[in-house]
Amino acid sequence: MDNLQAIILGLVQGLTEFLPVSSSGHLAIAQNILGIDESNVMFFAAMLHIGTLASVFVAYRSDIAALFRELFGAFKDLKEYKSFKINRNPTRRLGFMIVMSAIPTGIIGFAFSDFFESLFTKMVFIGVGLVITGTLLFAAERFGAGEKDIYGMRVRDALFIGLCQSVAIAPGISRSGSTLVGGLFSGLNRPLAVKFAFLMSIPPIAASGLKELISALGQGLGGVSIVTLILGVLVSFVSGFLAIKWMIKVVTNKRLFYFSVYTWAAGALVAGLALKGIL
C-alpha cells in the first residue's frame, strides 16, 4: 500500500464513519476499486478505527469527561444510598441511557457478527444495504423527530436505538445513520438524537477496533510502512472530526434527504456493477 492509497482509505473511513452512508461498506468498495486485499491490511484497518474513535473523544471531550465523572459519582451514590441515582442530573441519565443502548447492540453483534462480516466480500449486498440506509434516512426525516429531552427519553427508547445500531453490522447499513433513525423515530429532539448517536458509537467502534487489532497482531504491519500507517490514521482522525461537526449541522437543519439520494444512487450503482461482475 502506498501513501496515496492510505490517504484515500483514511478519508473514506473518517468521513463515512460519522456521515450516514456506511463506513464499512464504503471501505470495502474502496479496497475493491484500489485492488487491496483486506486480509493483508487488517492492522491498518484496525488503526483507522482507532483514528476515528479518537475524533469522537476530541469532538465530545467535555461530554465524555462529564460522563466519566458521573460514573464515579453513581458508584459513590450506590455505596451511600444503595442506588445509582440515575436522575440526579442530565449527564448521569444520558450515561445510563447509553449503557442501556449497548445491551441489544452487544447481544446481536456477538451472535451474528461473523455471518454479516462474511457478506462484506459480496458487493451486491453492500449495494442493497446502501439503498436500505437511504430509505431509512428518508423515512426518519419525513416522519421522525420530536421534542424529547434526556428526561423525556425512556429505557425502551434507548433499547430501540441500540437495536437500530445493531442492524449496522449488516453490509452497507450505516451505524450513524441507523442510530440517528432510531433516535428520531423515538421522538428525541434533533440535538439530543445526534449527540446520543455519536456518544453511543464509542463502545462499538472501540470493540470493533480492538477485535480487528487482536486478529491482526500475528500479521504485523502487513507490508505497510510506519509513515503510511501514521498518514492513514491521521487522515481518518481529521476527516472524522470534520464529519462529526458537519453532521451536527446537517441533522439540526433537516438535511438528511441529501444523504438518502446519495446512498440510493451509490447503492444502485454498486449493486448493478456487482451483478454485471465489474465489482
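The rules behind each value
- Here the residue numbers are simple positions, counted from 1 along each chain's written sequence.
- Given that the model is predicted, a residue must reach a pLDDT of at least 70 before its local features are reported, and side-chain atom pairs must reach 80 or more before they are shown or counted; all residues, however, enter totals for whole chains, interfaces and linings.
- For the side-chain quantities, the full set of heavy atoms in the structure was used; hydrogens and water were omitted.
- In what follows, salt bridge is the name for a side-chain nitrogen of Lys or Arg lying within 4 Å of a carboxyl oxygen of Asp or Glu.
- Secondary structure counts use DSSP, requiring at least four H or I residues in a row for a helix and at least two E residues in a row for a strand, with both numbered from the N terminus.
- Here a patch means residues that are over 30% exposed by relative accessible area and free of salt bridges, tied together within 9 Å if like-charged and within 5 Å if nonpolar (Val, Leu, Ile, Met, Phe, Trp, Tyr).
- Accessible areas in this description were obtained via Shrake-Rupley with a 1.4 Å probe; residue shielding takes into account the shown protein chains only.
- Per-residue accessibility, obtained with a 1.4 Å probe over protein chains only, is compared with the maximum for each type, and a residue is labelled buried under 20%, exposed over 50%, and partly exposed between these values.
- Helix axes are fitted only over the stretch in contact, all axes being lines through C-alpha atoms; the angle between N-to-C directions runs from 0 to 180 degrees.
- In these notes the angle categories are as follows: under 35 degrees is roughly parallel, over 145 is roughly antiparallel, 65 to 115 is roughly perpendicular, and the rest is oblique.
- In this scheme, a crossing is called left-handed if the near helix is turned counterclockwise away from the far one by less than a right angle; it is called right-handed if the turn is clockwise.
- Any two residues whose heavy atoms approach within 4.5 Å at even a single point are treated as in contact.
- The classification used treats Ala, Val, Leu, Ile, Met, Phe, Trp, Tyr, Cys and Pro as nonpolar, Asp, Glu, Lys and Arg as charged, and all other residues, Gly among them, as polar.
- Aromatic rings from Phe, Tyr and Trp, with only the six-membered ring used for Trp, were paired whenever their centres fell within 6.5 Å, and each pair was classed as stacked if the ring planes differed by under 30 degrees, edge-to-face if by over 60, and tilted otherwise.
- Only when the NZ of Lys or the CZ of Arg is both within 6 Å of the ring centre and within 35 degrees of the ring normal is a charge said to sit over the ring.

Some details on the pattern of salt bridges
Turning to step 1, where the next piece is worked out: Across all of its chains, the model carries seven salt bridges by this definition.
Turning to step 2, where the next piece is worked out: Here Arg92 ties to Glu70 by a salt bridge, and the two come within 2.9 Å at their closest N and O atoms. Separated by 22 residues along the polypeptide, Arg92 in helix α5 (residues 90-117) and Glu70 in helix α4 (residues 61-81) bring together distant segments of the chain.
Turning to step 3, where the next piece is worked out: A cluster of three or more residues bridged by salt bridges with shared partners is formed by Glu70, Asp77, Arg88 and Arg92.

Section: a nonpolar patch on the surface
Turning to step 1, where the next piece is worked out: Judged by side-chain polarity, Phe57, Phe68, Leu71, Phe72, Phe75, Leu78 and Phe84 come together as a nonpolar surface patch covering roughly 680 Å² of accessible area.
Turning to step 2, where the next piece is worked out: Ranked by the residues each element gives to the nonpolar patch, the list is headed by α4, at five residues.
Turning to step 3, where the next piece is worked out: Structurally, Leu71 is set in helix α4.
Turning to step 4, where the next piece is worked out: A relative accessible area of 40% means that Leu71 is categorised as partly exposed.

Remarks on the packing of helix α1 (residues 3-18) against helix α2 (residues 23-34)
Turning to step 1, where the next piece is worked out: One way to put it is that α1 packs onto α2 with a least axis distance of 8 Å and a crossing angle of 160°. Between α1 and α2, the angle falls in the class roughly antiparallel. Relative to α2, the crossing made by α1 is right-handed. Every residue of α2 that contacts α1 at Gln5, Ile8, Leu9, Val12, Gln13, Thr16 and Glu17 is listed here: Ser23, His26, Leu27, Ala30, Gln31 and Leu34.
Turning to step 2, where the next piece is worked out: For the contact of α1 with α2, the per-class residue count stands at six nonpolar, six polar and one charged.

With respect to the packing of aromatic side chains
Turning to step 1, where the next piece is worked out: Scanning the entire structure with this criterion turns up seven aromatic pairs.
Turning to step 2, where the next piece is worked out: Consider the rings of Phe75 and Phe84, whose centres lie 5.5 Å apart with planes at 90°: the pair is edge-to-face.
Turning to step 3, where the next piece is worked out: By relative accessible area, Phe75 is classed as partly exposed at 48%.
Turning to step 4, where the next piece is worked out: Taken together, the ring pairs connect Phe138, Phe257, Tyr258 and Trp264 into an aromatic cluster.
Turning to step 5, where the next piece is worked out: Cation over ring: Lys85 sits above Tyr81, and NZ or CZ is 4.9 Å from the ring centre.

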